Amino acid sequence: MSPQEAQPLAPKAFPVSWDQFHRDARALAWRLAGHGEWKAIVCITRGGLVPAAIVARELNIRIIETVGIASYHDYTSQGELQVIKEVSREVVALEGGEGAGVLIIDDLVDTGKTARIVRDMLPKAHFATVYAKPKGRPLVDTFITEVSQDTWIYFPWDMGFAFQPPISRQGND
Ligand SMILES: O=P(O)(O)OC[C@H]1O[C@H](OP(=O)(O)OP(=O)(O)O)[C@H](O)[C@@H]1O
Ligand SMILES: O=c1[nH]c(=O)c2nc[nH]c2[nH]1
Ligand SMILES: [Mg+2]
């Protein structure tokens, strides 16, 4: 089901283009560059894959691990969180364990439930997202843009070009 067909989770829309996403993810890399050397990235799939690729390229990080968490269904509701793939033991054990020297990356933090689970897996890691909503913000160490809790962020990989009716025709049907 598309977000248009479904009853959206939030009334306000924040559409993000590929250009804007690339700029924001690069801005995140600039901010993280001041924190020293990262031994590895753990990206939260699937949304964390794209920002992780951009940050890894900018900061020359070569060890990229994934943790798979899913919770949102059809863009309409958040169900029970499912851990689909755990972090490998090798990455947990880096730098003495518990995620020290590890950078966790996701596209956004919303309620913070996903972030909580991954933080508990890697309590010493640094958690970074491109976007943050107020409820999840306390769980993130570094982010770029905050949007309000009643905003739904539309990522470029979820969108395509579509005809827009003229403003004069909208709401007149
Ligand atoms: O802060 P929360 O309320 O937990 O929500 C944030 C999470 O929700 C989205 O992932 P989703 O579960 O939709 O899976 P996906 O990354 O595979 O799209 C997003 O990529 C974050 O990982
Ligand atoms: O595409 C998305 N946009 C959002 O605002 C959001 N919040 C949780 N999960 C999300 N996925
Ligand atoms: Mg996700």
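- The protein chain is annotated in an unreviewed UniProt entry as Xanthine-guanine phosphoribosyltransferase from Pleomorphomonas carboxyditropha.
- UniProt's Subunit (unreviewed entry) comment on the protein chain is quoted here verbatim: "Homotetramer."

A look at the overall build of the protein chain
Inference 1: Looking only at helices and strands, one finds 4 helices and 8 strands in the protein chain.
Inference 2: In sequence order, the secondary structure elements of the protein chain are arranged as β-α-β-α-β-β-α-β-α-β-β-β.
Inference 3: By the compact-globule yardstick of 16 Å for 173 residues, the protein chain fits well, its C-alpha radius of gyration being 17 Å.
Inference 4: Dimensions along the principal axes, computed over C-alpha positions, put the protein chain at roughly 65 × 35 × 25 Å.
Inference 5: Counting over 173 residues, the protein chain shows a buried share of 28%.

Here we look at helix α1 (residues 18-33)
Inference 1: With 16 residues, α1 should reach 22 Å at 1.5 Å per residue; the first-to-last C-alpha distance of 22 Å fits that figure.
Inference 2: Listed in full, the buried residues belonging to α1 are Ala-25, Leu-28 and Leu-32. Projected onto a plane normal to the axis of α1, the buried residues spread over an arc of 50° and lie on a single side. What points out from α1, more than 90 degrees from its buried face, is the exposed set Asp-19 and Trp-30.

Description of the UniProt feature "binding site: GMP" (unreviewed entry) in the protein chain
Inference 1: Within this structure's numbering, the places UniProt gives as "binding site: GMP" (unreviewed entry) are Asp-110, Thr-111, Gly-112, Lys-113, Thr-114, Trp-152 and Ile-153.
Inference 2: Asp-110 gets classed as buried once you count the C-beta atoms within 10 Å, which come to 25.
Inference 3: With near-sequence residues (within four places) excluded, Asp-110 lies in contact with Lys-133, Lys-135 and Gly-136.
Inference 4: Since 17 C-beta atoms lie within 10 Å of it, Trp-152 is described here as partly exposed.

Examining the site of ligand 1
Inference 1: Close to ligand 1 lie 18 residues, the nearest being Gly-47, Tyr-72, Asp-110, Thr-111 and Thr-114.
Inference 2: Among the secondary structure elements, those contributing two or more residues to the shell around ligand 1 are β3 (64-73), β5 (102-109) and α4 (113-121).
Inference 3: Tallying contributions element by element places β5 first for the shell around ligand 1, with 4 residues.
Inference 4: Partitioning the shell around ligand 1 into residue classes produces 6 nonpolar, 7 polar and 5 charged.

Examining the confidence of the model for the protein chain
Inference 1: Averaged over all residues, the pLDDT of the protein chain is 91; the fraction at 70 or higher stands at 91%.
Inference 2: Contacts from residues 1-6, a stretch scored under 50 in pLDDT, to residues over four places away or in other chains number 8 contacts.
Inference 3: Interface confidence for the predicted complex, expressed as ipTM, amounts to 0.98; the pTM equals 0.91.

A closer look at the site of ligand 2
Inference 1: In the vicinity of ligand 2, the contacting residues are Tyr-72, Leu-108, Asp-110, Trp-152, Ile-153, Phe-155 and Asp-158.
Inference 2: Its residues placed into classes, the shell around ligand 2 shows 5 nonpolar, no polar and 2 charged.

Parameters at a glance
Residues numbered from 1 in each chain as written. Chains lettered and ligands numbered in written order. Predicted model: local features only at pLDDT ≥ 70, side-chain atom pairs only at ≥ 80, totals over all residues. UniProt positions renumbered as here; feature names shortened; annotations may be inferred. Helix = DSSP H or I, 4+ residues; strand = E, 2+ residues; numbered from the N terminus. Rg over C-alpha atoms; globule rule 2.2 N^0.38 Å. Buried ≥ 20, exposed ≤ 12 C-beta atoms within 10 Å, placed from the backbone. Expected span 1.5 Å × (residues − 1). Arc of directions from axis to C-beta. Contact = placed C-beta atoms within 7 Å. Near = placed C-beta within 6 Å. Nonpolar A, V, L, I, M, F, W, Y, C, P; charged D, E, K, R; others polar. pLDDT = per-residue confidence, 0-100.

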